[in-house]
Amino acid sequence: MMAAIQTDQITLNLGAFQLHDISLAIPKGKITTIVGPNGSGKSTLLKVITRLLTADHGSVYVQNKKTTTYKAKEYAQTVSMLPQSKDHLPNLTARELITFGRSPYKSLLNNQITTEDEAIINQAMQMTNTAKHENRLFYSLSGGEQQKVRIAMALAQKTDILLLDEPTTYLDMAHQLDVMELLYHINSKYNITVVMVLHDLQQAATYSHHLIAMKRGEVVDSGTPKFLLTAGFLRKVYEINARVLYEEDYPLIIPKINIKER
Amino acid sequence: MTQKKRNLQRKYISIIAPILLIIVSFHGLTYGSVFISLPEIWDVLSHKGEPFHEQIIMELRLPRILIGLLVGGCLAASGSLLQGVMKNPLADPGIIGVSAGAGLAAIITMVILPQYSYLLPIAAFLGALITSLIIYLLAWDQGTSPVKIILAGVAINALLGAITSGIMVIYSDRVQAVLPWLAGGLNGRGWYHFEFMAPYAIISILLCYFAIKPANIILLGDDTAKLLGQKVELQRFLIIILASLLAGVAVSVAGLIGFVGLVIPHIIRIIVGEDYRFLLPLSMIGGATLVVFSDTIARSWFDPIELPVGILLACLGAPFFLYLLRRRRIL
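Here's what I pulled together on the structure shown here. (Residues numbered from 1 in each chain as written. Chains lettered and ligands numbered in written order. Predicted model: local features only at pLDDT ≥ 70, side-chain atom pairs only at ≥ 80, totals over all residues. Heavy atoms only, no water.)

Take unusual backbone geometry next. Residue and element names in this part refer to chain A. Positioned with a positive phi, Gln9 is a non-glycine residue whose angle comes to about 50°. Note on placement: Gln9 falls in strand S1 (residues 3-13). Classification of Gln9 as partly exposed rests on a relative accessible area of 45%. One non-glycine residue, Gln63, adopts positive backbone phi at about 50°. (Helix = DSSP H or I, 4+ residues; strand = E, 2+ residues; numbered from the N terminus. Buried < 20%, exposed > 50% of the residue type's maximum accessible area, 1.4 Å probe, protein only.)

This next bit is on the sheet that holds strand S5 (residues 65-66) of chain A. Residues and elements named next belong to chain A. Taken in spatial order, the 4 strands make up an open sheet running S2-S1-S4-S5, and their pairing is antiparallel. With one partner strand each, in any of the chains shown, strand S2 (18-27) and S5 form the two edges of the open sheet. Bridge count between S1 and S2: 7 bridges; the pairing is antiparallel. Along S2, the bridge assignment pairs Leu12 with Leu19. (Pairing = 2+ DSSP bridges.)

Residue and element names in this part refer to chain B. Where helix H1 (residues 3-30) contacts helix H12 (residues 276-300), the axes come no closer than 9 Å and their chain directions differ by 25°. Classified by the interaxial angle, the pair formed by H1 and H12 is roughly parallel. For H1 against H12, the interelement crossing comes out left-handed. Contacts between H1 and H12 involve Arg10, Ile13, Ser14, Ala17, Pro18, Leu20, Leu21, Val24, Ser25, His27 and Gly28 on the former and, on the latter, Phe278, Leu282, Ile285, Ala288, Thr289, Val292, Phe293, Thr296 and Arg299. Its residues assigned to classes, the contact of H1 with H12 shows 12 nonpolar, 6 polar and 2 charged. (Axes fitted to C-alpha atoms, helices over the stretch in contact; angles between N-to-C directions. Parallel < 35°, antiparallel > 145°, perpendicular 65-115°, else oblique. Left-handed = near helix turned anticlockwise from the far one by under 90°. Contact = heavy atoms within 4.5 Å. Nonpolar A, V, L, I, M, F, W, Y, C, P; charged D, E, K, R; others polar.)

This part takes up the interface of chain A and chain B. At the junction of the two partners, chain A supplies 29 residues and chain B supplies 23 residues. Among the ionic pairs, Glu96(A) bridges to Arg10(B), the shortest N-O distance being 3.8 Å. At the surface where chain A touches chain B, the tally comes to 1 residue pair in polar contact (both at pLDDT 80 or more). Contributions of two or more residues to the side of chain A that touches chain B are made by helix H2 (72-76), strand S6 (79-82) and helix H3 (94-99) of chain A. Looking at the side of chain A that touches chain B element by element, the count peaks at 3 residues for H2(A). (Salt bridge = Lys/Arg side-chain N within 4 Å of Asp/Glu carboxyl O. Polar contact = N/O pair within 3.5 Å; in protein donor to acceptor, adjacent residues only side chain to side chain.)

Turning to the side chain of Gln83(B), a few remarks are in order. All names here are of chain B. Summarising the element assignment, Gln83 is placed in helix H3 (residues 51-85). A polar side-chain atom of Gln83 sits 2.9 Å from the main-chain carbonyl oxygen of Ala91. Setting aside chain neighbours within four positions, we find Gln83 in contact with Asn88, Pro89, Ala91, Gly261, Leu262, Pro265, His266, Arg269 and Tyr276.

As structure tokens, then:
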């Protein structure tokens, strides 16, 4: 297995969020999803990988190079990420926002958008099916469309690796599936390594090649979804009793509920 | 609002604002305790006018208007940059204490160290810079909030005001010379002051060009900016230095003039949006227009008394500030 990202004994203590001795490998050219209960350190791990946070101990390697040795712009040309969508975004059109994805390739004096940049931006909009919205203001778009525009901005960075922190949270089911299909398409057609944090285990299992489960700041399990997603896994990671069924290859998690006993 | 409508608004205001600035500047040349008509101004500019008119225009009104343009432009640019990088819609060099820092440094220079008064712009800049960094550090705790910056600014403002008053009491024999400066206005400012501030003002205004792109990316949020390969902390630091330079230049000549940096960027932002490619230059033009127009009113409406323009602007700006607090539900 070729690893796009490797972490070596990462430890970080932020008080509420902690990472303990995390060593893992994320396969190149695949979709990997990190799952786990709230507060298990999933987002913190993504932030350490993208250098938004610095680990107390341990190192991260991206494409076999230590992340701390990358220059800021060089790193942004290698790894892109969608943070959880709580950042205030200014009142810009979809196209203006996607154009910011070219920033890692610009400098203070050389910041003109070239025809090559335009071509890359157009391609990013075409990949995400957002070209029809290019002149609409970001805020006038629906939640799902906004998310696709943000993905297009990350794609305009032309990176080999794309990380997403809960890309489907706050979206209705139709838009959730839309975003998941889009990510699957991006991965399979353009061979971009996708790493994301998701809460919906059924979607995670359906669309990912590789799952990593975290709990209380530690990696507790990893593997292919079919192998991983079992009743035992749900008991161990989420402390719930549930059965896992498959309907046309789509996993169904049926929790044991105690409505009557209350 | 649609993109079409906003593009149209951007186009219109880019044409209207400079025209308005020219009209206001000529209005300033015309009005005052002596009315001088446009043809008479034309005569003066082509060296055929009456000596009396020539003296008023060339020695009094023209330098004063030019200083007003630079002061207004610098203050509004400073405000619009601070609002962006401090993520604070209420940031204004006057409100958060940056101008007070520049003012204190200027008072110290003028009253205690008068032999160094040629260093006034640099002293004012350093005062502004140190104050803005202190406020930023005080309000910083895993990010800042508008409320924290305002509160830290209010406290710093009070402290600096107290020190300024203390110095004035201790050196009361020398205060007379700095009183016109202290009131915040353009009374009695002439070519000497213009020549003294213009190089600093023009350099800092030109430097604003380099702030546009980083300021725009910082608007996306610190995390997003970092993920786009930006050195956000460094860029924010440099932009704060630039904003301090702009405020310091204005304060060194015009004293404490508040609210220009708050009111103008807000109005411009409503019209053209947050994009600094439009916001920054149009704020400069708007600030210049407001200061020159207010100064014309301040010196002609209350004739023979010349009201310091800082007082007039505070009377206009304070209610606007309160209106913003209500409308945006910031506190």
